[in-house]
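# Results of the structural survey
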Amino acid sequence: AIEYTGSLGHNTVAVSDRVPVQLIKSYEDFLTNFENIELPSQAASVLNSPYLQHLVSCYPQQHVAQRIGYWLHRTLHQELMDCPSANSKPRVEKLLKAVITFTNLLQEGVPLCETFLWEYLFTWNGLDHRPHLLHIISRSRLHPFQRLNDYVLEPLRRV
């Protein structure tokens, strides 16, 4: 067991060497415990924590990237395609801004997020969330021209 003195003002003894991300309050804590940070079970937590975003960026793990991708795909699909409403617009804006922050840090798109965008562009009206969606598209990974043309350029040209 390790003893960790966080900025909560008390010592915490962990049963394993893992440090919960809730105890990380500064980049000094982050760097000191980099190898021992315990990722939360909810993929959405990564988008809400700059420490976790840096951890995922610097120490990529396939299963973590897949969980984030699946969660993003499902959430974006639900918010933008399955049941869009005027009431959900602030929530969607916040989510899209978090995706932009994350993809800016990674300097590339999240694969399943790209897949969702390719589906969504066929039904998009060209106005809703325009600056955010175009920014996310700009972070897409490189693909063969025909694929980009079919799934991104043609739908954009249509609107």
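In short, a report on the structure. (Residues numbered from 1 in each chain as written. Predicted model: local features only at pLDDT ≥ 70, side-chain atom pairs only at ≥ 80, totals over all residues. Heavy atoms only, no water.)

## Some points on the packing of aromatic side chains
For any pair of aromatic rings, the description rests on two quantities: the centre-to-centre distance and the angle between the ring planes. The final tally for this structure, using the stated rule, is 7 aromatic pairs. For the ring pair Trp118 and Tyr151, a centre distance of 5.3 Å and an interplane angle of 15° mean the geometry is stacked. Taken together, the residues Trp118 in helix α6 (residues 111-121) and Tyr151 in helix α8 (residues 145-158) connect sequence positions 33 residues apart. Look at Trp118 and you get buried, because its relative accessible area is 12%. By relative accessible area, which is 36% here, Tyr151 ends up partly exposed. Aromatic rings pair up to connect Tyr27, Phe30, Phe34 and Tyr51 into one cluster. (Phe/Tyr/Trp six-rings, centres within 6.5 Å; stacked < 30°, edge-to-face > 60°. Helix = DSSP H or I, 4+ residues; strand = E, 2+ residues; numbered from the N terminus. Buried < 20%, exposed > 50% of the residue type's maximum accessible area, 1.4 Å probe, protein only.)

## Let's talk about the packing of helix α5 (residues 89-106) against helix α7 (residues 130-138)
Direction vectors running N to C along α5 and α7 enclose 25°, while the axes themselves pass 10 Å from each other. If you check the angle between α5 and α7, you find them roughly parallel. When the axes of α5 and α7 are compared, the crossing they make is left-handed. Seen from α5, the contacting residues are Glu93, Leu96, Lys97, Val99, Ile100 and Asn104; seen from α7, they are His132, Leu133, His135 and Ile136. Looking at the contact of α5 with α7 residue by residue, the classes come out as 5 nonpolar, 3 polar and 2 charged. (Axes fitted to C-alpha atoms, helices over the stretch in contact; angles between N-to-C directions. Parallel < 35°, antiparallel > 145°, perpendicular 65-115°, else oblique. Left-handed = near helix turned anticlockwise from the far one by under 90°. Contact = heavy atoms within 4.5 Å. Nonpolar A, V, L, I, M, F, W, Y, C, P; charged D, E, K, R; others polar.)

## Focus: the pattern of salt bridges
One pass over the full model with this rule turns up 3 salt bridges. Close ionic contact of Arg91 with Glu79 constitutes a salt bridge, the shortest N to O distance being 3.0 Å. With Arg91 in helix α5 and Glu79 in helix α4 (residues 62-82), this residue pair connects regions lying 12 residues apart in the sequence. What makes Arg91 partly exposed here is its relative accessible area of 49%. You can call Glu79 buried: its relative accessible area is 12%. In this structure, Glu114 and Arg141 form a salt bridge, with 3.3 Å as the shortest nitrogen-oxygen distance. (Salt bridge = Lys/Arg side-chain N within 4 Å of Asp/Glu carboxyl O.)

## A look at the nonpolar core
Counting 38 residues, the largest nonpolar core has Ile68 and Leu72 as the members making the most contacts within it. Mapped by element, the contributors of at least two residues to this core are α2 (44-48), α3 (50-58), α4, α5, α6 and α7. In terms of residues, this core owes the most to one element, α5, which gives 7 residues. Ignoring any residue separated from it by four or fewer positions in sequence, one finds Leu72 in contact with Leu47, Leu95, Val99, Val110 and Cys113. (Core = buried A, V, L, I, M, F, W, Y, C linked by side-chain atoms within 4.5 Å.)

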